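# Survey of secondary and tertiary structure
What follows is each chain in one-letter form.
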Amino acid sequence: VYVARFSINTLTTRKFEIGFTDVISGTDAGAVNVKAGNGTWTADNATVLCYDTDDDTNLTLMGVKATVAATSADFSTVLSAATHYYFGVTLFEDNARAFLLDANGYLLEEKVIEDCITQTTLLTPWLFVQNRAGTAGSMTVDWHRAYQRRTTTA
């Protein structure tokens, strides 16, 4: 599980991602290379909530499993600039659930996608922001937490 409470001062000409990825590189422009459709990826295994104005203004749950893009799920909630939200991604087996909470922690929306990540691949929590064309912007991270259950045997 990875959850972060953050705001972005302006949502025009921005990209952000929150979730999990198997690749971290200073040269990558995120785990998602191009968001359109089910996306093209710089990561081989990743599941993220992605917002990218180069494609649209939807918050989208996206995943890639062993280089194969999963079917994405768009959120219908319209995000507001300079507003804190909780964004969260949870992984279970090869599936993912993402949720969006308002600044007070009340559920606005959630989505599930299946067969979107390889459960045996080592992953890292991922929070990424990128300015697109236009004036520079910022992300203010108020709080974040990543955790997992211990594996148990029956």
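Here is a short report on the structure shown in this document. This structure is a prediction, so every number in the text was calculated from the model and none was measured.

Definitions and cut-offs
- Residues numbered from 1 in each chain as written.
- Predicted model: local features only at pLDDT ≥ 70, side-chain atom pairs only at ≥ 80, totals over all residues.
- Heavy atoms only, no water.
- Helix = DSSP H or I, 4+ residues; strand = E, 2+ residues; numbered from the N terminus.
- Rg over C-alpha atoms; globule rule 2.2 N^0.38 Å.
- Buried < 20%, exposed > 50% of the residue type's maximum accessible area, 1.4 Å probe, protein only.
- Areas by Shrake-Rupley, 256 points an atom, 1.4 Å probe, with all protein chains shown as cover.
- Core = buried A, V, L, I, M, F, W, Y, C linked by side-chain atoms within 4.5 Å.
- Contact = heavy atoms within 4.5 Å.
- Pairing = 2+ DSSP bridges.
- Axes fitted to C-alpha atoms, helices over the stretch in contact; angles between N-to-C directions.
- Polar contact = N/O pair within 3.5 Å; in protein donor to acceptor, adjacent residues only side chain to side chain.
- Salt bridge = Lys/Arg side-chain N within 4 Å of Asp/Glu carboxyl O.

## Overview of the overall build of the protein
Looking only at helices and strands, one finds zero helices and 13 strands in the protein. Listing every helix and strand of the protein by position from the N terminus yields β-β-β-β-β-β-β-β-β-β-β-β-β. Computed over its C-alpha atoms, the radius of gyration of the protein comes to 15 Å, within 12% of the 15 Å expected for a compact globule of 154 residues. Summarising its shape, the C-alpha atoms of the protein cover approximately 50 × 35 × 30 Å along the three principal directions. The buried share among the 154 residues of the protein stands at 42%. Accessible surface computed for the protein: about 8000 Å², of which carbon and sulfur atoms make up 48%.

## A closer look at the nonpolar core
Nonpolar side chains tend to gather and get buried jointly when the protein is soluble and globular. One finds Phe-6, Phe-16, Leu-49, Leu-59, Leu-79 and Phe-87 to be the most contacted residues of the largest nonpolar core, which totals 26 residues. Looking at this core element by element, the count peaks at four residues for strand β1 (residues 2-8). In this structure, Leu-49 is in contact with Phe-16, Glu-17, Ile-18, Leu-59, Thr-60, Leu-61, Phe-75, Phe-87, Gly-88, Val-89, Ala-98 and Phe-99, ignoring residues within four places of it in sequence. In this structure, Ala-31, Trp-41, Ala-43 and Met-62 belong to the second largest nonpolar core, which totals eleven residues.

## Overview of the sheet that holds strand β13 (residues 139-146)
Spatial ordering of the open sheet is given by β11-β10-β9-β1-β13, a layout of five strands whose pairing is antiparallel. The two strands at the open ends of the sheet, each matched to only one other strand, are β11 (107-113) and β13. Geometrically, the sheet is characterised by an average inter-axis angle of 15° between neighbouring strands, direction not taken into account.

## With respect to the side chain of Thr-118
In this fold, Thr-118 is placed in the loop between β11 and β12 (124-131). Judged by relative accessible area, Thr-118 falls into the buried class, the value being 18%.

## Considerations on the side chain of Asn-95
Along the polypeptide, Asn-95 turns up in strand β10 (residues 95-101). Overall, Asn-95 belongs to the buried group, its relative accessible area being 15%. In terms of polar contacts, Asn-95 uses its side chain to reach the backbone amide nitrogen of Asp-115, at 2.9 Å. Discounting residues that sit within four places of it in the chain, Asn-95 has contacts with Thr-90, Ile-113, Glu-114, Asp-115, Cys-116 and Ile-117.

## Some remarks on the pattern of salt bridges
All chains considered together, the criterion is met by nine salt bridges. Residue Arg-132 is joined to Asp-52 by a salt bridge in which the shortest nitrogen-to-oxygen separation is 2.6 Å. Of the two residues, Arg-132 sits in the loop between β12 and β13 while Asp-52 sits in strand β5 (residues 46-52), which places them 80 residues apart along the sequence. Taking relative accessible area as the criterion, Arg-132 reaches 17% and is therefore assigned buried. Shared partners join several salt bridges into a network, and the residues in it are Asp-52, Asp-54 and Arg-132.

## Focus on the pairing of strand β2 (residues 14-21)
Along β2, eight of the eight residues are buried, which leaves the element largely enclosed by surrounding structure. Across eight bridges, the pairing between β2 and β12 is antiparallel. Bridging from a neighbouring strand, Lys-15 pairs with Gln-130 of β12. Pairing of β2 with β5 involves seven bridges; the strand directions are antiparallel. For Phe-20, the partnering residue across the bridge sits in β5 and is Thr-47.

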